[in-house]
Amino acid sequence: MNTRTQQVVIGVLAERATGERRVALIPSDIKKLFARATFLIESGAGREADFDDNMYVDAGARMADSRAILENCDVVLKVRPPAVDEVPRAGRILISLGGRDSDLGDELRKRSVIHLALERIPRTTRAQAMDVLSSQASIAGYASVLEGARALRVLLPMLTTAAGTIKPVRMIALGAGVAGLQAIASARRLGAVVYGFDVRAEAGEQVESLGAKFISVNADVGVGESAGGYAREQSSDRQTLLRRALSSHLATMQLVIATAQIPGRPAPLLIDRETLAMMQPGSVVVDVAAETGGNCEVTRPDQTVTENGVRVMGPTNLPSLMATDASRMFSGNIRALLAYLLDESGRLNLDASDPISGALLAGQNVARESVATT
Ligand code: NAD
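Rules used throughout
Residues numbered from 1 in each chain as written. Predicted model: local features only at pLDDT ≥ 70, side-chain atom pairs only at ≥ 80, totals over all residues. Heavy atoms only, no water. Helix = DSSP H or I, 4+ residues; strand = E, 2+ residues; numbered from the N terminus. Polar contact = N/O pair within 3.5 Å; in protein donor to acceptor, adjacent residues only side chain to side chain. Contact = heavy atoms within 4.5 Å. Near = heavy atom within 4 Å. Areas by Shrake-Rupley, 256 points an atom, 1.4 Å probe, with all protein chains shown as cover. Nonpolar A, V, L, I, M, F, W, Y, C, P; charged D, E, K, R; others polar. Salt bridge = Lys/Arg side-chain N within 4 Å of Asp/Glu carboxyl O. Buried < 20%, exposed > 50% of the residue type's maximum accessible area, 1.4 Å probe, protein only. Pairing = 2+ DSSP bridges. Axes fitted to C-alpha atoms, helices over the stretch in contact; angles between N-to-C directions. Phe/Tyr/Trp six-rings, centres within 6.5 Å; stacked < 30°, edge-to-face > 60°.

**A look at the side chain of glutamine 364**
- Here glutamine 364 shows up in the loop between α11 (355-360) and β17 (368-371).
- Of note is the side chain of glutamine 364, whose polar atom sits 3.2 Å from the backbone oxygen of leucine 360.
- Ignoring sequence-local partners within four residues, the contact set of glutamine 364 consists of Val113, Ile114, His115 and Arg120.

**Describing the site of the ligand**
- Near the ligand you find 25 residues, and of these Arg123, Ser134, Val178, Asp198 and Arg200 are the closest.
- Arginine 123 places a polar side-chain atom, nitrogen or oxygen, 2.6 Å from an oxygen atom of the ligand.
- In the model, an oxygen atom of the ligand is placed 3.2 Å from a nitrogen or oxygen of the glycine 177 main chain.
- Summarising the interface, the protein chains cover 86% of the accessible area of the ligand, which totals 830 Å² for the free molecule.
- Residues that form the shell around the ligand fall into these classes: twelve nonpolar, nine polar and four charged.

**Notes on the pattern of salt bridges**
- Inspection of every chain in the model, using the stated rule, returns 20 salt bridges.
- For the salt bridge of glutamate 107 with arginine 111, the shortest nitrogen-to-oxygen distance reads 3.0 Å.
- For glutamate 107, a relative accessible area of 28% translates into the label partly exposed.
- The salt bridge partner of arginine 243 is aspartate 272, with a shortest N-O separation of 3.4 Å. Taken together, the residues span a long stretch of sequence, with arginine 243 in helix α8 (residues 236-250) and aspartate 272 in the loop between β12 (255-258) and α9 (273-278) at a distance of 29 residues. Aspartate 272 shares its class with arginine 243; the two are buried.
- Taken together, the shared-partner salt bridges connect Glu15, Arg16, Lys78, Asp85 and Glu86 into one network.

**Some details on the sheet that holds strand β9 (residues 170-174)**
- Here we have seven strands laid out as an open sheet, ordered β11-β10-β9-β12-β13-β15-β14, and mixed in their pairing. Only two strands of the sheet have a single neighbouring strand rather than two, namely β11 (213-214) and β14 (304-307).
- Where β9 and β12 come together, four bridges link them in parallel fashion. When the sheet's bridge partners are listed, methionine 171 is paired in β12 with leucine 255.

**Regarding the sheet that holds strand β4 (residues 75-77)**
- Reading across the sheet, the six strands line up as β3-β2-β1-β4-β5-β6 and stay open at both edges, with parallel pairing between neighbours. Of all strands in the sheet, those bounded by a partner on one side alone are β3 (62-64) and β6 (114-117). When the angles between neighbouring strand axes are averaged without regard to direction, this sheet yields 25 degrees.
- Judged from the four bridges that link them, strand β5 (residues 93-96) and β6 form a sheet pairing that is parallel. Among the inter-strand pairings, leucine 94 is bridged to a residue of β6, identified as histidine 115.
- Across the face of the sheet, helix α10 (residues 323-341) comes into contact with β1 (8-12), β4, β5 and β6 while running at roughly 150 degrees to β5.

**Quick look at the packing of aromatic side chains**
- Within this structure, the stated rule accounts for one aromatic pair.
- A centroid spacing of 6.3 Å and a plane angle of 20 degrees characterise the contact between phenylalanine 197 and phenylalanine 214, whose relative ring orientation is stacked. Separated by 17 residues along the polypeptide, phenylalanine 197 in strand β10 (residues 193-197) and phenylalanine 214 in strand β11 bring together distant segments of the chain.
- By relative accessible area, which is 23% here, phenylalanine 214 ends up partly exposed.

See below:
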């Protein structure tokens, strides 16, 4: 019996969104999973992340076009949510981002596609290796500091030269979750004097453990966490109090990395025009929350807006700037997920009573599914 023909067939589509350079699975991870699945890769899928077709072939995958992948694969992998013509056939499995898009969810349910949306991976220790949100947020935090440093017309570190002394930049990360903490660590390495702020109490210790100062605001801002370790959305009165309390701190910063988010809700508004008017001209705000509305009143997605001489950048796909490592980490998360779902004989098992599969299947009418090509 040829056991390989019984294995699940996994396809990787190339990303088509403008500016998206990442790929969902890289050749070295295919090598690690090769004994348990058959892989079809869309030609050119890894090119923008520096993984050429021949590297995939060397790893044991076959190249194919997107039509063949959508026709023949039991599982289709993508980074971004799929376009209408990137949806696999009924009964097949799609693994991609897009779990916070309810229209996409409705459409996929209508087409009877099982969508394992990566935003639904539980943020538990068991599922940590599969946590795409964390891996990509970490890259976004690093990239945001580099983007901000390039936009500033001053140096980040202190420099003492015969021509005089350059003062270090003061930088603050608003929101000290995964992206904010990585931004703090990166700005410290570049020599800035670094601060952090968050509404979650436990973030203070994490900011300080990286050698930065935690800003505590002198206002009743309703510090708090909801279930799952995320911040709770604040009332609009409390948001106003918080903005006013933060403004005097922001007026002293030259680089602001804004990363505050509430899952499934618009990003909290932390920097309004009144605050921008208090900031020093030449300062830079990198609004990492631009995709969910932004932390700054003037943020426009993927544009730089200048207000009172302050440049406000709204990049929406920072991980793609570091596409090779972003793909390595994304792919590592997908490999961990596939290794969890695939059994030794190459059968992919989904069981709604399992904590990880169950979270991924939430809202879909699937109790138990076992997929293999027979
Ligand atoms: P996120 O991207 O949803 O939000 C970013 C940060 O913004 C959070 O720290 C949040 O508290 C903060 N924030 C929200 N509203 C704010 C406001 N008004 N003002 C200032 N800050 C505000 O969150 P995330 O980075 O994805 O994760 C949040 C936390 O969850 C992390 O700190 C992390 O410790 C935890 N987490 C745990 C695991 C795990 O246990 N496996 C994995 C990932 C994250």
